[in-house]
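Geometric and topological summary
Here's the letter readout for the chains.
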Amino acid sequence: MIPYRVSNVRRLGPSRLTAGLDEHRRLDLNAHHKYHDRLPGQTVDALISMAEEVDLRGRGGAAFPFARKLRAVSARDGDTVVLVNAAEGEPASLKDKTLLTRAPHLVLEGALLAASALGSREVVVAVGAGELAEASVTAAVAERGLTGLVRVVAIEERFISGEGGALVRAVNGEMGLPPGRKVRSSDSGVYGLPTLLSNTETFAQLAVLAELGPEEYAAVGTVQEPGTILLTVGGSVGAPAVVEAPPGVPLADVLTLCEAKIGDGLLLGGYHGTWMSAEAAYGTVLSRRGAKEAGGELGAGIVVVLGEDTCPLGETARVAGYLAAQSAGQCGPCRLGLPDLARAFRQLQDGDPDGPEAVRRAAAAVKGRGACFHPDGSARFVLSALDAFADDVEEHRFHGGCGRETKGVLPLPVEEARDVRLMVDWTRCQGHGLCAHLVPELVKLDHHGFPVFMDTGVPSWLLGDAQKAVEMCPALALRIGAK
């Protein structure tokens, strides 16, 4: 048997998506049917009607109406494909990995239900390569004897790997980057066929909806947002967990359940989400609507709590650098704008008196101009820190810091600690400035003409340019090395 890691699961209210996970490390097919009924087939019109009745939305972050996706694919002639987006590239999220690792059959039930209604030729599950989730869903496919009908595709997982266009390209054997132009998967997806693309939790929700029916499904939650949702709660909490809860409960109840210790604030919605002060967080209702009223976004259900022992600006700067390095590098806002934004925030952390305005200018240069949503989401995350941590911003501006270390509470991939960087030998550097001309994404010049480097790794799409800068440095001061 595969040795599955146990994810801590908690709940407020009924257990639907997490049913049986208190008793089982992983629900195999027999265990799955102890907690969930065998689902009869449904027509596509019936599925659309159910999804519309409860306003089922995608749970990957964008909250797009599932019924509209289903209707768009059903209107196409010829073969179709169902694609499960299990590429959870967001480092702060574990809910989809938990579902595939511990309750894979619930996800497959929803995907197979949709595929049967559409008459699809194949179900594809795209998951991060080498993870427990990949092993679990592969075993579940074998348990059901679905090899040939359901295909598990392991992809390289990056922050942007879950973007729809990037995912389709990865499944089709191309580089897993956003295509740079809007292509609806319902028009052209896997193999160029109309594709129903939604995330892992969405298909699990569809299975629960078909099992319970719209009326019972909507017995919990709010009128506008019925059912339950999954949250990943981490950071400065005594009991980090994937939490199933109904919309409408106070966010404070979730925080209490996970023994949270809020100091400076809380991140809601992940690294494309927003920072909230502790006061705002404790007054927020858990729902998409409640998050918006509090000035945030629920997104993919990510909650990261900051305690009092870490520098909030340092935490934000770490992630800003990570987001800049994770871009596709296909448009100006990603290639130049995000490194500028990360650099401006790092300077703010270091005590630049003009730091807040520099951050705002850098954010304004990327907002609404990118080929995908990554620049906008990154700018929102960084800008929200200026408001949520206003007191700390002033401490850093006038005193050079807040007196706290940056503990690394916000999770980043382990490999980020061993990344490849552009480095300089300051005993050789003569301030020629050629490196800033060759790789402006990584290097800027200070007011003396000496280079200032991005405090992050060299993205793969910039390795060639970085190597060129090393080779052309007149003082032989540059090199590429691991931190």
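Residues numbered from 1 in each chain as written. Predicted model: local features only at pLDDT ≥ 70, side-chain atom pairs only at ≥ 80, totals over all residues. Heavy atoms only, no water.

Helix and strand counts for the chain stand at 18 helices and 14 strands. Compactness check: the chain gives a C-alpha radius of gyration of 23 Å against a globular reference of 23 Å for 483 residues, within 12% of the reference. Along the longest, intermediate and shortest principal axes, the C-alpha atoms of the chain span 75 × 45 × 40 Å. The buried share among the 483 residues of the chain stands at 56%. Sequence separation of at least 24 residues holds for 72% of the intrachain contacts in the chain that already meet a minimum separation of 6. Accessible area for the chain stands at about 19900 Å²; split by element, carbon and sulfur atoms hold 49% of it. (Helix = DSSP H or I, 4+ residues; strand = E, 2+ residues; numbered from the N terminus. Rg over C-alpha atoms; globule rule 2.2 N^0.38 Å. Buried < 20%, exposed > 50% of the residue type's maximum accessible area, 1.4 Å probe, protein only. Contact = heavy atoms within 4.5 Å. Areas by Shrake-Rupley, 256 points an atom, 1.4 Å probe, with all protein chains shown as cover.)

Before going further, it helps to examine helix α3 (residues 66-74). Those residues of α3 not exposed but buried are Phe 66, Ala 67, Leu 70 and Val 73. Viewed along the axis of α3, the buried residues span an arc of 130 degrees, placing them on a single side of the element. On its buried face, α3 is in contact with α2 (44-53), α5 (104-118), β5 (195-199) and α8 (200-217). (Arc of directions from axis to C-beta.)

In this section: the nonpolar core. Within the largest apolar cluster, 62 residues are counted, with the highest numbers of intra-cluster contacts made by Tyr 271, Trp 275, Phe 345, Leu 422 and Leu 442. Where this core is concerned, the elements lending two or more residues are β10 (302-306), α12 (312-325), α13 (332-349), α14 (355-364), α15 (374-388), α17 (434-438) and α18 (463-472). Not counting chain neighbours up to four residues away, the residues in contact with Phe 345 comprise Leu 313, Thr 316, Ala 317, Val 359, Val 382, Ala 385 and Leu 386. One finds Met 50, Ala 86, Leu 206 and Ala 207 within the second-largest nonpolar core, a separate group that totals 47 residues. (Core = buried A, V, L, I, M, F, W, Y, C linked by side-chain atoms within 4.5 Å.)

A separate point is the packing of aromatic side chains. A full pass over the atoms with the stated rule returns seven aromatic pairs. Judged by centre distance (6.0 Å) and plane angle (50 degrees), the ring pair of Tyr 271 and Phe 381 falls under tilted. Linking Tyr 271 in the loop between β8 (265-268) and β9 (274-277) with Phe 381 in helix α15, this pair joins segments that are 110 residues apart in sequence. For the pair Tyr 271 and Phe 381, a shared accessibility class is recorded, and that class is buried. Within the aromatic cluster, the residues linked to one another by ring pairs are Phe 159, Tyr 271, Trp 275, Tyr 322, Phe 381 and Phe 389. Of note, Arg 16 hangs over the ring of Tyr 217, and the distance from its end group to the ring centre comes to 5.6 Å. (Phe/Tyr/Trp six-rings, centres within 6.5 Å; stacked < 30°, edge-to-face > 60°. Lys NZ or Arg CZ within 6 Å of the ring centre and 35° of its normal.)

Once that is clear, we can look at the sheet that holds strand β7 (residues 241-245). Taken in spatial order, the six strands of this open sheet run β1-β7-β6-β10-β8-β9, and their pairing is mixed. Two strands in the sheet have a free side with no partner beyond their single neighbour: β1 (9-11) and β9. Averaged over neighbouring strand pairs, the angle between their axes works out to 25 degrees when direction is ignored. The pairing of β8 with β9 spans four bridges and is classified as antiparallel. Within β9, the residue paired with Leu 267 across the bridge is Trp 275. Strands in contact with helix α4 (residues 95-102) are β1, β6 (229-235) and β7; relative to β6, the strand with the most contacts, it is inclined by about 115 degrees. (Pairing = 2+ DSSP bridges. Axes fitted to C-alpha atoms, helices over the stretch in contact; angles between N-to-C directions.)

What follows concerns the pairing of strand β2 (residues 81-86). The element β2 is extensively covered by neighbouring structure, given that six of its six residues are classed as buried. Side-chain alternation along β2 places Val 81, Leu 83 and Asn 85 on one buried face and Val 82, Val 84 and Ala 86 on a second face that is also buried. For β2 and strand β3 (residues 122-128), the ladder comprises six bridges, and the chain directions are parallel. Across the sheet, the residue bridging to Val 82 is Val 123, located in β3. The pairing of β2 with β5 spans five bridges and is classified as parallel. Note on β5: the bridge partner recorded for Val 81 is Thr 195.

This brings us to the side chain of Ser 378. Here Ser 378 shows up in helix α15. Take Ser 378: its relative accessible area is 2%, and that puts it in the buried class. With residues near it in sequence (within four places) discarded, Ser 378 still touches Tyr 271, His 272, Leu 323, Leu 338 and Leu 341.

Here the focus is the packing of α5 against α8. Angle between the axes and distance between the axes are the two parameters that describe a pair of packed helices. Interaxial distance between α5 and α8 falls to 7 Å at its minimum, and their mutual angle equals 75 degrees. For the element pair α5 / α8, the angle class is roughly perpendicular. Residues Leu 106, Val 107, Glu 109, Gly 110, Ala 111, Leu 113 and Ala 114 of α5 touch α8, and the partners they reach there are Thr 200, Phe 203, Ala 204, Leu 206, Ala 207, Val 208 and Ala 210. Residues that form the contact of α5 with α8 fall into these classes: eleven nonpolar, two polar and one charged. (Parallel < 35°, antiparallel > 145°, perpendicular 65-115°, else oblique. Nonpolar A, V, L, I, M, F, W, Y, C, P; charged D, E, K, R; others polar.)

The four strands are arranged β4-β3-β2-β5 in an open sheet whose pairing can be described as parallel. Only two strands of the sheet have a single neighbouring strand rather than two, namely β4 (150-155) and β5. The mean angle between the axes of side-by-side strands here comes to 20 degrees, regardless of whether they run parallel or antiparallel.

Attention now goes to the confidence of the model for the chain. In regions of low pLDDT, the predicted coordinates are not meant to be interpreted in detail. Scored by pLDDT, the chain comes out at a mean of 90, with 96% of its residues at no less than 70. Across residues 1-6, confidence stays below pLDDT 50; counting only partners more than four residues off in sequence or on other chains, it has 14 contacts. (pLDDT = per-residue confidence, 0-100.)

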